[in-house]
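Residue-level listing of the chains:
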Amino acid sequence: MVKNMNEEKIKRVLTEPRLASIKTMLEKDHAIDCLLLLYVDRGKWKDARGFMQENKLTLSDGTFRARMVEIESLGLAKSERIDPLKKYYTKTELGENIAKLLLAFFDELSE
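A quick note: this is a predicted structure, and the numbers were derived from the prediction, not measured.

Participant: Hey, could you run me through a nonpolar patch on the surface in this one?
Facilitator: A surface patch of nonpolar side chains, amounting to about 260 Å² of accessible area, comprises Ile 10, Val 13 and Leu 14. By secondary structure assignment, the location of Val 13 is in helix 1 (residues 2-15).

In structure tokens form, the structure reads like this:
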């Protein structure tokens, strides 16, 4: 019974368009980084880059922008134009919930 329930859950994640899209996005390079950056209000490239550099991590401008566009298209963030070329991204309620779940997952792993 449990096996069938788990198989159904897995099938749903793999085949339901919205869940499959989120799963695919999470598999991409720096997607989790970008979700966590949004969670701590670092949705502007300058702020995100500064945070990553402070922690001796790398994140390219192109990767940041690509992930943010994808995250926004999935409804996990929204953007505001700063100027014709730049946007500032903020988390949505769904984006915040996913970030919290990711943090809880990593907390569980570190215990």
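Participant: How should I be thinking about the layout of surface pockets in this particular structure?
Facilitator: If you roll a probe as big as a water molecule over the atoms, it shows you where there is empty space left. Estimates place the volume of the largest pocket at around 170 Å³. Surrounding the largest pocket, Val 13, Leu 19, Ile 22, Lys 23, Leu 26, Leu 94, Asn 97, Ile 98 and Leu 101 form its lining. When residues of the lining of the largest pocket are traced back to their parent elements, those giving at least two are helix 2 (17-26) and helix 6 (93-110).

Participant: Explain the side chain of Thr 92 here, please?
Facilitator: With respect to the helices and strands, the residue Thr 92 is situated in the loop between strand 2 (87-91) and helix 6. According to the relative accessible area criterion, Thr 92 is buried, its value standing at 19%. From its side chain, Thr 92 meets the backbone nitrogen of Gly 95 in a polar contact 3.2 Å long. Apart from residues no more than four positions distant in its own chain, Thr 92 is found in contact with Gly 75, Leu 76, Ala 77 and Lys 78.

Participant: Honestly, unusual backbone geometry in this entry has me stumped. Any pointers?
Facilitator: A negative phi holds for most residues other than glycine; trans holds for most peptide bonds. Even without glycine at this site, Asp 41 takes up a positive phi of about 60°. Mapped onto the elements of the fold, Asp 41 is located in the loop between helix 3 (31-39) and helix 4 (45-54). For Asp 41, a relative accessible area of 47% gives the class partly exposed. Its identity is not glycine, yet Lys 56 carries a phi of approximately 55°, on the positive side. Looking at where Lys 56 falls in the secondary structure, it is placed in the loop between helix 4 and helix 5 (61-73). Residue class for Lys 56 comes out exposed when judged on its relative accessible area of 76%.

Participant: Explain the packing of helix 3 against helix 5 to me, please; I cannot follow it from the model alone.
Facilitator: Working note: a packed helix pair is described by the angle between its axes plus the distance between those axes. The N-to-C vectors of helix 3 and helix 5 enclose an angle of 75°; their axes lie 10 Å apart at closest approach. Taken together, the axes of helix 3 and helix 5 lie roughly perpendicular to each other. Together, Ala 31, Cys 34, Leu 35 and Leu 38 of helix 3 and Phe 64, Arg 67, Met 68 and Ile 71 of helix 5 make up the contact between the two elements. Looking at side-chain class alone, the contact of helix 3 with helix 5 contains seven nonpolar, no polar and one charged residues.

Each value, and the rule that gives it
- Residues numbered from 1 in each chain as written.
- Predicted model: local features only at pLDDT ≥ 70, side-chain atom pairs only at ≥ 80, totals over all residues.
- Heavy atoms only, no water.
- Patch = residues over 30% accessible without salt bridge, like charges linked within 9 Å, V, L, I, M, F, W, Y side chains within 5 Å.
- Areas by Shrake-Rupley, 256 points an atom, 1.4 Å probe, with all protein chains shown as cover.
- Salt bridge = Lys/Arg side-chain N within 4 Å of Asp/Glu carboxyl O.
- Helix = DSSP H or I, 4+ residues; strand = E, 2+ residues; numbered from the N terminus.
- 1 Å grid on protein atoms, 1.4 Å probe; cavity = no way out; pocket = protein on both sides within 12 Å on 5 of 7 lines; lining within 4 Å.
- Points joined across faces, edges and corners; volume = space filled by probe spheres on them.
- Buried < 20%, exposed > 50% of the residue type's maximum accessible area, 1.4 Å probe, protein only.
- Polar contact = N/O pair within 3.5 Å; in protein donor to acceptor, adjacent residues only side chain to side chain.
- Contact = heavy atoms within 4.5 Å.
- Axes fitted to C-alpha atoms, helices over the stretch in contact; angles between N-to-C directions.
- Parallel < 35°, antiparallel > 145°, perpendicular 65-115°, else oblique.
- Nonpolar A, V, L, I, M, F, W, Y, C, P; charged D, E, K, R; others polar.

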